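# Secondary and tertiary structure notes
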Amino acid sequence: MLYCYEHIGCISTRGWARNLFVVMNETEQKFARGKRRNETLSRDTLVNHANRTDAIIVICASVGMTFLGGYLDLFERWHSFIRQHENWELDEITIGVFSVAVLLIWYSWRRQKQANLLKSIALKQQAEATEASNAKTTFLANMSHELRTPLNSIIGYSEAILTGALGNLDNNKNNEYLLDIHNSGQHLLDLINDILDISKIESNKETLEERLIEVPVMMDNSLQRVRLLAEKKNITLCVDAPESPPKLLGDERRVVQVFINLLSNAIKFTPEDGQVSFVAENDEKSSYIFRVSDTGIGIAKGEISKVVKPFEQAGDISSKTREGTGLGLAISNALVLLHGGELVIDSELGKGTTVTVHFPPERSICPS
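Everything numeric here is computed off the predicted structure, so don't read it as measured data.

## Details of the pattern of salt bridges
Taken as a whole, this structure holds eight salt bridges when the rule is applied. R363 is the partner of E210 in a salt bridge, and the nearest nitrogen-oxygen pair spans 2.7 Å. Here R363 lies in the loop between β7 (352–358) and β8 (364–365) and E210 lies in the loop between α4 (172–202) and β1 (211–213), a separation of 153 residues in the sequence. For E210, a relative accessible area of 38% gives the class partly exposed. Note that E214 and K247 form a salt bridge whose closest N and O atoms lie 3.3 Å from each other. Pair noted here: E214 is in the loop between β1 and α5 (215–232) and K247 is in strand β3 (residues 247–250), with a separation of 33 residues, a long-range link. We classify E214 as partly exposed; its relative accessible area is 41%.

In C-alpha cells:
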C-alpha cells in the first residue's frame, strides 16, 4: 500500500508539473496565434488595398493621359517633332523604353513602400510575442516562489520529525508516511526548479557564473550524486579522465547539473547489472569531449530529435513505468548551448545510448 501511495504521489507531481507547463505554453501559443491571425488579416488587407490602388492609378493615369494628349494635340506635336529631328533617332522604340523605365521606377517605389509596411508589422508581431513569453516567465517565477515557501516548510518539518528532533514516533507507519511526504515534497520541489530553469533559459534570462573547473573533481562530484541510484540496480559506473587535463571554463554548478541529468537518464534506462561509462578526453584542437554511454534500452532513430524538447520522452507515454518528466535532456542541451557547446545523441534500440558533449576550444584552459 505504501508503494501505491508513493507511486501515485510521484505521478501526481509529474502530472501537475507537466499540465502547468502545457497550460502556460498553450495560453502563450493561443495568444500568439490570435495575434498572428489578426496581423495576417491586416497584412492581406493592406496588400489587397495596395494592389487595388495600383490598378486604379494605372487606369486613371492612362485615361487621363489619353484625354490630355487629345486635348492638347500632343501626339501630332510629338510626331511633328520627330519628323523635324529625324537625326536624333527618336523612334517608337526609344519612346517605349522610356515609358517602361518610368513605369518600373514607379512600381519599384510602390513595392518598397509595401515591403517597409510589412516589415513594421512583422517587428510589431515579434515584440508582442516576446511580451507574451516574458509574461509567462514572470508568472512561472512568481508561482514557483509561492510554491517553494510551503514546500520548504513541508520538507523541513517532515525531516525534523523523521530525525527525531521533535521526539520519537512509536508507530512505524507514521515514519513510513512521513518519509513518503518528505520524498514527494522534495520531488515536487525539484520539478518546480526544473520548470523555472527551462523557462529562464527559453527567455534568455539565464546567466552563467563562469570559473575554472577542475575536470576530475567535477566528474567525481557528478558520479557521487548518482552512485546510490546505480547501486540499487547493481549498475557498474566506469569513469575515465585524461591525466593532467586542462581546466574547463564554465559555470560549474550548471556543468555538474548537465552530467547529473545525463548519468541519471543512463542509469534509469539501463537494466539491472548493466554498465554506464563517463569518459572525458581532448581532441586535436584541445576541445573537451565528454561521453556518457550506457547498455540500456536505446532510443529509436526517429525519436532522438524529440527527446531534447521539454516534456518529450521516447516511446509510448501511456505505457511508461519509469519516473521522469522529460525535462532533463532539454535542460542539459540548453545549458550546453549556453556554453557554446554541442550535445549529440547516438543510440540504437536494444544496444544502448551514447550522449556526447563537446565544449569549444576556448573553454579549455591549460595551466601556466
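So much for the structure itself; the text now carries on.
## Quick word on the sheet that holds β7
Strand pairing within a sheet occurs via backbone hydrogen bonds; the two strands may be parallel or antiparallel. The mixed open sheet is built from five strands, whose spatial order is β2-β4-β5-β7-β6. Of all the strands in the sheet, just β2 (236–240) and β6 (342–348) have a single pairing partner and so form its edges. Taking each pair of neighbouring strands and ignoring which way they run, the sheet shows an average axis angle of 10 degrees. Taken together, the seven bridges between β6 and β7 define a ladder with antiparallel strand orientation.

The rules behind each value
Residues numbered from 1 in each chain as written. Predicted model: local features only at pLDDT ≥ 70, side-chain atom pairs only at ≥ 80, totals over all residues. Heavy atoms only, no water. Salt bridge = Lys/Arg side-chain N within 4 Å of Asp/Glu carboxyl O. Helix = DSSP H or I, 4+ residues; strand = E, 2+ residues; numbered from the N terminus. Buried < 20%, exposed > 50% of the residue type's maximum accessible area, 1.4 Å probe, protein only. Pairing = 2+ DSSP bridges. Axes fitted to C-alpha atoms, helices over the stretch in contact; angles between N-to-C directions.

These figures come from the coordinates and say nothing about function on their own.
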